[in-house]
Amino acid sequence: RTSLKVGLIPGDGIGREVIPAAKAALLALGSDIPKPEFVDLLAGFELFTRTGTALPEETIRVLEEECDCALFGAVSSPTRRVAGYSSPIVALRKKLDLYANVRPVVSVAANPEDKPSVDLVVVRENTECLYVKQEELTIGEHGKEARAIRLITERASRRIGQMAFEIALGRPRKHLTIIHKSNVLSTTDGLFRETVRGVPSLPGVNGKYDGVEVAEQIVDSAVYRLFREPQIYDVMVAPNLYGDIISDAAAALVGSLGLVPSVNAGDKFVMGEPVHGSAPDILGQGIANPLASIRSAALMLRHLGYTKGADRIDKAVDEVIREGKVLTPDLGGKSGTKEVVDEVVKRI
Ligand code: NAD
Ligand code: MN
């Protein structure tokens, strides 16, 4: 590659304030990565209210045909139902077959030589579970009744399982915890658990994952233990909804949602995305923490194999956090988004 074409989808709210930060970090890397070229793409609730479309065909086409990777900010989704609106991030993950959401949650130790107290990766299945969004409302004998379909397939569980084993294999501890609730949901979560457990004995694997230690845990007690002894976890693999909740919860362990990055990954494409949402409560104040977005750019590079560039970004972010002088208010600081970005870029 001589250039790296990056689709930028800022979306709504602070998505628009933090995506430029990721762009600045990529530009600061110079020749450690192929020359980045950016293309701005539309999506989001604000776009929907203006045009009636939340995810234009053109955005999908450019991503599929022209881009090597992408960065997504956040979109607002109203909690009430809005006719014709459906979350573009959920649709994008499906359309681009980005079947895994990978979310590393790592604390920054005060001393660079010390081990971080929290160092785990949540690997969330990204295409099914309750997110197939097949809900229905009917009137029963005693009033309204709402139902939702929760789909778990062997195929999706197998490929997310394989991704989780691969990630575990690449980490020092090589430990994988399967998160489920098959004591209650024995058919759906049972299929997820059994399929992930079966990955090491799939044809063609040939003992590759023998070094990975596998544990499992019921989701509610997993959250309890996550808060009391986060150091027991290395890689956690979970169906979509549990994975969503666990990774937001894990973010609390490291100080702020504004620190935690993710990538949506498939076999052919990768899209970085901060874990946080559009944060309407701090919108327009210039205080959104850009570090999750910047780290998402690093994580995207890591998935593409540009380890050196990714390391340089992560090191710069760690230094800024460790020094503690230029931080946004969510981390107890007094600085704005722009000052934090400048500080990170200077160190890259
Ligand atoms: P949120 O993540 O937007 O905010 C939760 C809290 O964390 C807020 O107090 C917010 O100010 C703070 N916060 C989040 N990111 C921050 C940052 N970078 N810097 C400083 N503080 C930060 O979650 P929410 O309030 O539940 O949702 C708001 C909107 O975002 C909703 O419309 C929701 O649907 C949407 N959302 C989108 C995504 C996504 O696009 N993937 C994810 C979650 C929520
Ligand atoms: Mn979430």
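Residues numbered from 1 in each chain as written. Chains lettered and ligands numbered in written order. Predicted model: local features only at pLDDT ≥ 70, side-chain atom pairs only at ≥ 80, totals over all residues.

If you check an unreviewed UniProt entry, the chain appears there as Isopropylmalate dehydrogenase-like domain-containing protein from Jaapia argillacea MUCL 33604. Checking UniProt for the chain, the heading Sequence similarities (unreviewed entry) contains the comment "Belongs to the isocitrate and isopropylmalate dehydrogenases family." Note on the chain: under the UniProt heading Cofactor (unreviewed entry), the record states "Mg(2+)". (UniProt positions renumbered as here; feature names shortened; annotations may be inferred.)

Draft legend 1. Inspection of the packing of helix 5 (residues 154–169) against helix 6 (residues 188–197) at higher detail. Relative orientation of the contacting elements helix 5 and helix 6 amounts to 45°, with a least axis distance of 8 Å. One finds that helix 5 runs oblique with respect to helix 6. The handedness of the crossing between helix 5 and helix 6 comes out as right-handed. On the side of helix 5, the interface is formed by Glu 154, Ser 157, Arg 158, Gly 161 and Ala 164, while helix 6 contributes Leu 191, Phe 192, Thr 195 and Val 196. Of the residues contributing to the contact of helix 5 with helix 6, the split by class is four nonpolar, three polar and two charged. (Axes fitted to C-alpha atoms, helices over the stretch in contact; angles between N-to-C directions. Helix = DSSP H or I, 4+ residues; strand = E, 2+ residues; numbered from the N terminus. Parallel < 35°, antiparallel > 145°, perpendicular 65-115°, else oblique. Left-handed = near helix turned anticlockwise from the far one by under 90°. Contact = placed C-beta atoms within 7 Å. Nonpolar A, V, L, I, M, F, W, Y, C, P; charged D, E, K, R; others polar.)

Draft legend 2. Region of interest: unusual backbone geometry. With a phi close to 60°, Cys 129 is a non-glycine residue in the positive phi region. With respect to the helices and strands, the residue Cys 129 is situated in the loop between strand 5 (119–125) and strand 6 (135–140). In this structure, Lys 174 is a non-glycine residue whose phi angle is positive, near 50°. Secondary-structure assignment places Lys 174 in the loop between helix 5 and strand 8 (175–180).

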